[in-house]
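Tertiary structure, described
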Amino acid sequence: MGGFGETIFAEMTRLANETDAINLGQGFPDTDGPPSLLAGAAHWIGQGVNQYPPGPGRIELRTAVAEDRKARYGIDLDPETEVYITVGATAGIAAGVLSLVEPGDEVVLFEPMYDSYSGVIALAQGVRRPVTLRPSGSGPNARFTFDPDELRAAVTPRTRMIIVNTPHNPTGTVFTPDELAIIAEVCRDNDVIALADEVYEHLVFDGTVHVPLAAQPGMAERTLTVSSAGKTFSVTAWKTGWVMGPRPLVRAVQTVNQFLTFSANGALQLALADALRDEQGWVRTQRDALQDKRDRLAAGLTEAGFQVSNPQGTYFLMADIRPLGHSDGVDLARALPRLTGVAAVPAQVFYANEDEGRHLVRFAFCKRDEILDEAARRLRAFGDRSQG
């Protein structure tokens with residue numbers, strides 16, 4: 001891990017705090033989840049649910065996850081053996097990679113990529129094989145996607161796993177059924193395991209539909225799917241996630257994770273089990289509000305001179321800084337808190353080939369409207385100075 005220092009999220013948040021800047025870098029909401037969920041957690045804590053839960057998680061939450069998966073996607077899971085609760089999705093991803101990737105095994109993944117993927121592949125002594133997502137077209141309707149031939153070329157006899165993040169952080173792409181079919185074909189033809197990071201599965205916009213990779217033909221038996229409560233219910237500090245898939249793969253995750261975090265908070269698990277059943281209306285309302293926030297920030301960034309790609313999902317907007325006369329996202333992101341009072345994240349840190357994303361920065365729009373409006377005002381003033 002010698003090449004890994006402070007995460008970019010920690011650095012940008014620290015800069016935001018030091019300069020009293022609006023933090024649009026790290027993806028966490030500034031409002032809470034549904035009141036019934038918060039009250040449920042307090043109830044179960046008060047009822048004494050404060051000791052270790054079962055290692056695989058409370059059966060109440062595992063059952064609720066399985067029911068939700070069946071209701072929304074038609075995927076059948078045995079809550080006893082095919083659903084496993086983790087300390088957030090990040091722990092599930094880590095245990096998935098550490099349990100299935102041996103030293104020297106290759107892991108294909110799409111860049112830009114969530115930064116924990118690289119860290120845990122390094123811990124497993126695996127080898128990254130990135131496939132770059134690039135914009136198709138230009139302007140706000142540009143959508144990041146991959147070249148199928150590049151994906152096929154990335155797979156070698158040493159490939160053990162492909163990590164698929166949809167809806168995708170940071171580009172906001174939601175892979176289409178046709179794109180997922182190509183990924184599934186590559187997995188089947190090469191006997192590759194898939195790890196599907198679907199934490200933003202509920203946060204899709206403009207009528208876009210999230211399709212699980214595990215629903216593709218021949219993929220149920222070779223796919224570990226990871227999701228969580230943090231993004232769905234705006235409780236990112238709760239760090240409660242789940243891994244789903246065939247019993248042998250889930251068992252492998254459990255074998256590793258019992259020596260990492262062992263178990264997640266039991267009281268929160270019980271509250272989330274109720275919310276998965278009772279608060280889907282709140283989730284839909286939150287999704288629609290986030291779509292409005294996306295549009296609000298996109299308009300402000302465009303007026304400031306950035307070139308913006310409208311995401312199909314997640315919390316994030318990717319913005320091209322070149323129209324403002326800048327070319328290095330890291331330099332600009334480190335300067336923005338002091339220059340403008342707004343913090344963002346440079347996208348190039350999500351790439352193995354940093355030149356692919358050097359001109360991009362990522363803004364989070366999961367904030368209150370008045371915060372987004374003030375950030376846009378500050379960035380417009382910066383844009384006027386840059387272009388003046």
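The protein is annotated in an unreviewed UniProt entry as Aminotransferase from Nocardiopsis ansamitocini. Annotation of the protein in UniProt includes, under Sequence similarities (unreviewed entry), the sentence "Belongs to the class-I pyridoxal-phosphate-dependent aminotransferase family." In its Cofactor (unreviewed entry) section, UniProt records this for the protein: "pyridoxal 5'-phosphate".

Looking at the overall build of the protein
For the protein, the count of helices and strands is 13 helices and 15 strands. Relative to the globule expectation of 21 Å for 388 residues, the C-alpha radius of gyration of the protein, 20 Å, shows essentially globular dimensions. When its C-alpha atoms are laid out on the principal axes, the protein stretches across 65 × 55 × 40 Å. Looking at the protein as a whole, 58% of its 388 residues qualify as buried. Here the contacts in the protein between residues at least 6 apart in sequence split such that 75% fall between residues at least 24 apart.

Some words on the UniProt feature "domain: Aminotransferase class I/classII large" (unreviewed entry) in the protein
Taking the UniProt record as the reference, the feature "domain: Aminotransferase class I/classII large" (unreviewed entry) is found at residues 20-379. Between the first and last C-alpha atoms of residues 20-379 the distance is 15 Å; the span itself is 41% helix and 18% strand.

As for the nonpolar core
In terms of nonpolar packing, the biggest core is built from 58 residues, with Val97, Met161, Ile163, Phe306 and Phe363 touching the most fellow members. If one sorts the elements of this core by residue count, helix H4 (residues 88-100) sits on top with six residues. When sequence neighbours within four positions are dropped, the list of residues in contact with Phe306 reads Leu301, Ala319, Asp320, Ile321, Leu324, Val361, Phe363 and Leu379. Counting residues in hydrophobic clusters, the runner-up holds 35 residues, among them Phe9, Leu133, Val155 and Ala184.

Here's the deal with helix H7 (residues 177-190)
Taking 1.5 Å per residue as the helical rise, H7 with its 14 residues ought to reach 20 Å, and the 20 Å between its terminal C-alpha atoms agrees with that figure. Of the residues making up H7, those classed as buried are Glu179, Leu180, Ile182, Ile183, Ala184, Val186 and Cys187. On the buried face of H7, the contacting elements are strand S3 (106-111), strand S6 (143-145), helix H6 (148-154), strand S7 (159-165) and strand S8 (193-197). Just past H7, the residue Asp191 takes up positive phi, approximately 50°.

Conventions used here
- Residues numbered from 1 in each chain as written.
- Predicted model: local features only at pLDDT ≥ 70, side-chain atom pairs only at ≥ 80, totals over all residues.
- Heavy atoms only, no water.
- UniProt positions renumbered as here; feature names shortened; annotations may be inferred.
- Helix = DSSP H or I, 4+ residues; strand = E, 2+ residues; numbered from the N terminus.
- Rg over C-alpha atoms; globule rule 2.2 N^0.38 Å.
- Buried < 20%, exposed > 50% of the residue type's maximum accessible area, 1.4 Å probe, protein only.
- Contact = heavy atoms within 4.5 Å.
- Core = buried A, V, L, I, M, F, W, Y, C linked by side-chain atoms within 4.5 Å.
- Expected span 1.5 Å × (residues − 1).

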